[in-house]
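Here are the chains, one letter per residue:
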Amino acid sequence: MRIAQISTLHERVPPIGYGGTERVVHYLTEELVRRGHEVVLFASGDSLTSAELFPCVPQSLRQSGNGGDPSVHEAIQLDHVVKRHDDFDILHFHNGHGHFPLASLLGVPHLSTVHGPLHAPEQTKLYSHFHQMPLVSISEFQRLPVPQANWLGTVYHGLPTDLYRYQDSPSPYLAFVGRISPEKRLDRAIAIATAVGLPLKVAAKIDPVDRTYFHEQIEPLMLNNPLVEFIGEVNDDGKQELLADALALLFPIDWPEPFGLVMIEANACGTPVIAWRNGSTPEVILDGINGFLVDSIEEAIAAIGRLEQLDRARVRSHFEVCFSVSRQAEDYEQLYRHLIQASRCHNNVHRIPVHA
């Protein structure tokens, strides 16, 4: 198949540090190329890929320090896709909804993976208006606020099975990986680690919008606590070491998480996850198999005492079966073929017969 993968421009593909969507786009693109497809990646010029790269900006917007209007670059990116649409059998969008008014006019099968939450009121208006747009959710929970949308299916994120190494002998510490923001609840992780007397290693980025929250709410908890080590953003090598050696990853979210890539990154190392029962976590974490689901700090503390009950080899095998990038690519291939076949049937039905 000739496939266009259209990424966001905020981060490069793959991202240097934090950047879940771009990371997912990278792994999927590489796997599709490995499986013999002709793939063009529409992304920032500093992206690294074995596909054909169409650079839509010279450098990712965050790395370049671009403080202007990102919609300008996104509009130009869309124009590039439109001009090349005849080159493809399928267009796969990962970059929001800016293409919604145009996609159905191109005459090329297309689908859009929704990577963010949908609980804001304006989302209902958006997906009600564009009710025929073919969409893919990244969890069953994610689609609940807009059941009227044209959902083709749910495709869980996947990782290459050789990206992270299995570790069966962890060190006595806990890990937190993500953004430092109110909904990620690093304060809960600090409280849990403090209560059980275990070090907490924090690998996280701080977006400009969250700097006040960090300085006022989180920094005092870290400065006064010798158990907390702030590492900052880490790359894949740093994440391997951090996650693989941890007793558990703490995922104490306070928002409807659409997926949570770091959970399967930890599981790929054999590291279990202690996650708040919120959003997609019950779909990713099977309680007592690859981690524990909790509803309070007290339950999380108790779960740490039960970590020895979990088999880290089973945690890893669950990841391989459910969350590998090969499984993800297979799921998308089925959707691609379905849309291409449906398009061909539609065109045949509406074709005007020509008589000699």
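Quantities reported herein were computed from a predicted structural model and do not represent experimental measurements.

Caption draft 1: Spatial organisation of the environment of Glu140. Mapped onto the secondary structure, Glu140 falls in the loop between β6 (135-137) and β7 (151-154). Using a relative accessible area of 38% as the deciding quantity, one classes Glu140 as partly exposed. In this structure the C-alpha to C-alpha distance between Glu140 and Gly279, which are 139 residues apart in sequence, comes to 9.3 Å. Here Glu140 is in contact with Thr154, Tyr156 and Glu283, once residues within four sequence places are set aside. Only 2.6 Å separates the side chain of Glu140 from the side chain of Thr154, close enough to count as a polar contact.

Caption draft 2: Region of interest: the pairing of strand β2 (residues 38-44). Of all 7 residues making up β2, 6 are buried, and the element is well covered by its neighbours. Of the strand pairs in this sheet, strand β1 (residues 2-6) and β2 are connected by 5 bridges, and their pairing is parallel. In the sheet register, Gln5 faces β2, and the bridge partner there is Leu41. Judged from the 5 bridges that link them, β2 and strand β3 (residues 52-57) form a sheet pairing that is parallel. Across the sheet, the residue bridging to Val40 is Glu52, located in β3.

Caption draft 3: Structural view of the packing of aromatic side chains. One pass over the structure, following the stated rule, counts 9 aromatic pairs. Members of the aromatic cluster, connected to one another through ring pairs, are Phe42, Phe54 and Phe88. Over the face of the ring belonging to Tyr173 we find Lys201, whose NZ or CZ atom lies 4.3 Å from the ring centre. One Lys or Arg, Arg306, reaches over the ring of Phe292 and ends 4.2 Å from the middle of that ring.

Caption draft 4: Representation of the sheet that holds strand β13 (residues 291-294). Pairing in this open sheet of 6 strands is parallel, and the strands run β10-β9-β8-β11-β12-β13 from one edge to the other. Because the sheet does not close on itself, it has two edges, and the strands there are β10 (228-230) and β13. In this sheet, adjacent strand axes meet at a mean angle of 20° when their direction is disregarded. Here strand β8 (residues 174-179) pairs with strand β9 (residues 200-205) via 6 bridges, running parallel. Pairing of Val177 across the sheet is with Ala203, part of β9. The strands that helix α8 (residues 236-244) touches are β8, β9 and β11 (248-251); relative to β8, the one it contacts most, it runs at about 140°.

Caption draft 5: Seen up close, helix α11 (residues 297-304). Taken as a whole, α11 has its buried residues at Ala300, Ala303 and Ile304. Along the axis of α11, the buried residues cluster in a sector spanning 100°; they form a single face. Considering only its buried residues, α11 is in contact with β8, α6 (186-196), β12 (273-276) and β13.

Caption draft 6: Quick look at the packing of α6 against helix α7 (residues 211-223). It is the contact of α6 with α7, at a shortest axis distance of 10 Å, that shows an interaxial angle of 10°. By the angle class used here, α6 and α7 are roughly parallel. When α6 is examined against α7, the residues Leu186, Asp187 and Ile190 are found in contact with a partner set consisting of Tyr213, Ile218, Leu221 and Met222. Of the residues contributing to the contact of α6 with α7, the split by class is 6 nonpolar, no polar and 1 charged.

The rules behind each value
Residues numbered from 1 in each chain as written. Predicted model: local features only at pLDDT ≥ 70, side-chain atom pairs only at ≥ 80, totals over all residues. Heavy atoms only, no water. Helix = DSSP H or I, 4+ residues; strand = E, 2+ residues; numbered from the N terminus. Buried < 20%, exposed > 50% of the residue type's maximum accessible area, 1.4 Å probe, protein only. Contact = heavy atoms within 4.5 Å. Polar contact = N/O pair within 3.5 Å; in protein donor to acceptor, adjacent residues only side chain to side chain. Pairing = 2+ DSSP bridges. Phe/Tyr/Trp six-rings, centres within 6.5 Å; stacked < 30°, edge-to-face > 60°. Lys NZ or Arg CZ within 6 Å of the ring centre and 35° of its normal. Axes fitted to C-alpha atoms, helices over the stretch in contact; angles between N-to-C directions. Arc of directions from axis to C-beta. Parallel < 35°, antiparallel > 145°, perpendicular 65-115°, else oblique. Nonpolar A, V, L, I, M, F, W, Y, C, P; charged D, E, K, R; others polar.

Function cannot be inferred from these measures alone, as they are strictly geometric.
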